[in-house]
Amino acid sequence: MRILAINLILAASALALDQAPLQLQDSSSGNIPDIIRNNDTHGRPNIVFILVDDQDLQMDSLSYTPHTNHYIRDQGVFYKNHFVTTALCCPSRVSLWTGKQAHNTNVTEIYPPYGGYPKFVSEGHNENWLPLWLQDAGYNTYYTGKLFNAHTVDNYNLPFAKGFNTSDFVLDPYTYQYLHPVYQRNHDPPISYSGQHTIDVLRKKALDLLDDAVAESHERPFFLTIAPIAPHSNFEMTNASDYTTFRFSAPIPLERHKDLFPEVKVPRTEHFNPDQPSGVNWISTLPQQNQSSIDSNDEFYRARLRALQGVDEIVEQIVQRLEDAGVLDNTYIFYTSDNGYHIGQHRLHPGKECGFEEDIRVPMFIRGPGIPSGEEVGFVTTHIDLAPTIFEIAGLDLKEEFDGTPVPLTARDVEEEKLSKGRHEHVNVEYWGKAGFEGEMSRAPDGGPIAFRNNTYKALRVLGEGYNLYYSVWCTNEHELYDLTTDPYELNNLHPSVSGNIEQKLLGYPIQKVISRLDALLLVLKSCKGLTCVKPWEVLHPAGDVQTLSDALDDVFDVFYDEQIKVEYGWCEEGYIVEAEGPQVPAIYQGTRWSDWW
């Protein structure tokens, strides 16, 4: 059979991913009651969004949050394959509230110049994000707790965060000081609550905002975000403008929780402090932890679980308040975290910022009208999908600028997704800048935290029928490839550049064949926009006959993928500098896999 022609000279107007997205089919399920779809605010559902900070899923923290399990998880859907796309709080939160990948928000760090509240403002997001969209749609909007890093006592009014009827933010440099929080309400000056525990302060503010929201809910539905800092580390900065002088310590629980779980330890999984190093780049150089470090990290883990108890109590009180007010049955409740967390896995001390499962897979529960109780959904979902999901709940048309698509909510949604097999099976994970450790045993010789540069990478998670893979390319041009079906703890890097085995097979194919498809998919996703982020295979195969990795592995495409442009970096940068990011536009396949050319 003659090889299908491949045209590597691309028409920039059709392929430049930094221009308007391809006009792909909208994947909204449309299963929303008419009372919502008719855009009448009366009777439309309320939304409560609980966003915790740094909660793990893979280290079993959910076993220690009984109220969250009872009131949200057991009464709704657990999205067990839910991922963040950047394992760091500020870029992850901006992506969540805009529905865009970090390479499209250009907020990629927690502090300036590449991240934080000033970057959020300078990129124009304060004029174009979820709370403003919901207000325009007739919602009252409320927020209390942590918004973004570098949102400080000095810049909170430069400008004020837009989009809220009432806001009450905790501010830097006191955001993570559990016993010395500073909150700032609406346009009022900041107020110190020194000596009070930040979770107790937040509880009262959240319940008061909920009361205000409920009082107006007969006229307008409400959107309320509650964003506690727990179980983030206790973190003290010298001042709001100095982002290099700071100290981490274990989170501080409420007094009534300080002695809980005295014997609990970090789960001793296969990748906990392994005998052999794993990963690439700086991770592969980490020494094995000694017993003193292990003991300290176990205590740090216990402190995190204790700090979560205050959040768990807030969940119970919020749900009870909604029920007492008679609005629970018309309220959607989301519960998730801005990123995951690791302690001890791959020899890592406490922290995040990596592409491993501990850092990118997070708790995600939704309960509400029409949502089945106690269900688990295995579809791939991400934080980029949550703004579109809220749009669907609110009865709004999806924005073309969204890089995600609504998650299946109702039993009908889930069944239709199963039958159509149309949901995306990929997660585009990306990171820029540094990584660091937060535990008591994670100190540099000068007493400051240990940090690692060159932690910039692009990565891909693909979960489909018959495969469960992670693939990454670092700014050092090192590669990782893990088959999580046989290696769930990501200890065995299959990439031939590391394993040295070019003859091995993966998914029953020569490994280089699978890598060529993964790399091409990552090439599209690393600079995708809009629905090209949801249906990236249609960028490579405009005929639409390839929608999954399985489709792409057809032998007819071998030459096309072998000759495809590869993902690589020019050099390492600490922010999104396009010139350093390497090739941006892939070659496009001309034809279909069903072609009968001879």
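Residues numbered from 1 in each chain as written. Predicted model: local features only at pLDDT ≥ 70, side-chain atom pairs only at ≥ 80, totals over all residues. Heavy atoms only, no water.

1. Focus on the overall build of the protein
Let me state the cut-off plainly: Helix and strand definitions follow DSSP, with helices as H or I runs of at least four residues and strands as E runs of at least two, each counted in order from the N terminus. By definition in these notes, contact holds between two residues if any of their heavy atoms fall within 4.5 Å. Each accessible area is a Shrake-Rupley result for a 1.4 Å probe, and residues are judged covered by the shown protein chains and nothing else.
The helix and strand tally for the protein stands at 17 helices and 24 strands. Within the protein, residue pairs in contact and separated by at least 24 positions form 71% of the contacts whose partners lie at least 6 positions apart. When the accessible area of the protein is evaluated, it comes to approximately 21,700 Å², of which 49% is carbon and sulfur surface.

2. Topic: the packing of helix H8 (residues 198–216) against helix H9 (residues 291–324)
Note the cut-off: Axis lines are fitted through C-alpha atoms, for helices just across the contact stretch, and the angle between N-to-C directions can take any value from 0 to 180 degrees. Under this scheme an angle from 65 to 115 degrees is roughly perpendicular, one under 35 degrees roughly parallel, and one over 145 degrees roughly antiparallel; angles in between are oblique. Two helices that cross are described as forming a left-handed crossing if the nearer one is turned anticlockwise from the farther one by less than a right angle, and a right-handed crossing if clockwise. When residue character is reported, Ala, Val, Leu, Ile, Met, Phe, Trp, Tyr, Cys and Pro are called nonpolar, Asp, Glu, Lys and Arg charged, and the others, Gly included, polar.
Packing of H8 against H9 leaves a shortest axis separation of 10 Å and a crossing angle of 15°. Classified by the angle between their axes, H8 and H9 sit roughly parallel to one another. The hand of the H8/H9 crossing is right-handed. Two secondary-structure elements touch here, H8 through Ile199, Leu202, Arg203, Ala206, Leu207, Leu210 and Asp211 and H9 through Gly310, Val311, Glu313, Ile314, Gln317, Ile318, Arg321 and Leu322. Broken down by class, the residue content of the contact of H8 with H9 amounts to nine nonpolar, two polar and four charged.

3. So, the pattern of salt bridges
Proximity of charged atoms lets side chains of opposite charge pair with each other. So the rule is basically this: Definition used for salt bridges: Asp or Glu carboxyl oxygen within 4 Å of a side-chain nitrogen of Lys or Arg.
Summed over the entire model, instances satisfying the criterion amount to 36 salt bridges. Its salt-bridge partner being Glu313, residue Arg256 comes within 2.8 Å of it at the nearest N-O pair. Of the two residues, Arg256 is situated in the loop between strand E11 (246–249) and H9 and Glu313 in helix H9; the sequence distance between them amounts to 57 residues. A single network of salt bridges, built from pairs that share partners, joins Asp53, Arg93, Lys146 and Asp338.

4. Focus on the sheet that holds strand E9 (residues 222–227)
Using the following cut-off: Two strands pair under a simple rule: DSSP has to find at least two bridges between them.
The mixed open sheet is built from ten strands, whose spatial order is E8-E7-E6-E5-E9-E2-E12-E13-E3-E14. Strands at the two margins of the open sheet, each flanked by one partner only, are strand E8 (191–192) and strand E14 (375–377). H8 contacts strand E5 (140–146), strand E6 (166–170), strand E7 (182–185) and E9 of the sheet and is inclined by roughly 180° relative to E5.

5. Concerning unusual backbone geometry
Rule in force here: Think of it in three bands: residues with accessible area under 20% of the maximum for their type are buried, residues over 50% are exposed, and the middle band is partly exposed, with areas taken using a 1.4 Å probe on protein chains only.
The peptide bond linking Pro112 to Pro113 adopts the cis configuration, its omega dihedral lying at 10°. In this structure, the amide linkage connecting Ala230 to the following residue, Pro231, adopts the cis form with an omega of 0°. As for its position among the elements, Pro231 is in the loop between E9 and strand E10 (234–237). Non-glycine residue Asp60 carries a positive phi angle of around 80°. With respect to the helices and strands, the residue Asp60 is situated in the loop between strand E2 (46–52) and helix H3 (66–73). Residue Asp60 is classed as partly exposed on the basis of its relative accessible area of 35%.

6. Here's the deal with the state of the cysteines
What makes a disulfide is a covalent bond joining the sulfur atoms belonging to two cysteines. Applicable threshold: Cysteine sulfur atoms are paired as a disulfide whenever they come within 2.5 Å of each other.
On inspection of all chains with the given rule, the structure shows two disulfides. A sulfur-sulfur separation of 2.1 Å characterises the disulfide bridge that pairs Cys528 with Cys533. The chirality of the disulfide connecting Cys528 with Cys533 is right-handed, given an S-S dihedral of about 105°. Just as Cys528 is buried, Cys533 falls in that class too. In the protein, the bonded cysteines, numbered by position in the sequence, are linked as 1-4, 2-3. Of all cysteine sulfurs, the one in Cys90 lies closest to Cys89, which takes part in no disulfide; the gap is 6.5 Å. Given a relative accessible area of 2%, Cys89 falls into the buried group.

7. Topic: the nonpolar core
Keep this limit in mind: Residues grouped as a nonpolar core are buried Ala, Val, Leu, Ile, Met, Phe, Trp, Tyr and Cys residues, joined through side-chain atoms within 4.5 Å.
Trp97, Trp282 and Phe334 are the most contacted members of the largest nonpolar core, which totals 123 residues. It is H8 that provides the largest number of residues to this core, a total of nine residues. Leaving out residues up to four positions away in the same chain, Trp282 has contacts with Leu348, Cys354, Ala435, Phe437, Phe452, Arg453, Asn455 and Trp474. In this structure, Val462, Leu469, Leu523 and Val546 belong to the second largest nonpolar core, which totals 38 residues.

8. As for the packing of H3 against H9
Contact pair H3 / H9: the axes reach a minimum separation of 7 Å and the direction vectors enclose 35°. Where H3 crosses over H9, the two elements pack in a sense that is left-handed. For the pair H3 and H9, contact is made by Pro66, His67, Thr68, Tyr71 and Ile72 and by Asp312, Glu313, Val315, Glu316, Val319 and Gln320, respectively. Residues belonging to the contact of H3 with H9 are distributed by class as follows: five nonpolar, three polar and three charged.

9. Observations regarding the UniProt feature "modified residue: 3-oxoalanine (Cys)" (unreviewed entry) in the protein
Put simply, the rule reads: UniProt positions are given in the numbering used here, feature names are shortened, and annotations may be inferred rather than shown by experiment.
Feature annotation in UniProt places "modified residue: 3-oxoalanine (Cys)" (unreviewed entry) on Cys89, given in this structure's numbering. When you line up the elements, Cys89 lands in helix H4 (residues 89–98). The contacts of Cys89, once residues within four sequence positions are left out, are Asp53, Ile110, Lys146, Asn149, Tyr176, Asp338 and Asn339.

10. Description of the sheet that holds strand E21 (residues 479–483)
By way of backbone hydrogen bonds, the strands of a sheet pair with one another, either parallel or antiparallel. Strand order across the open sheet formed by four strands is E16-E19-E20-E21, with antiparallel pairing between neighbours. Each edge of the sheet is formed by a strand with only one pairing partner; in this case those strands are strand E16 (426–431) and E21. Pairwise comparison of adjacent strand axes, ignoring direction, gives a mean angle of 10° for this sheet. In this sheet, strand E19 (residues 457–464) lies alongside E16 in antiparallel orientation, the contact comprising six bridges. By the bridge assignment for E19, Val427 is matched with Arg461.

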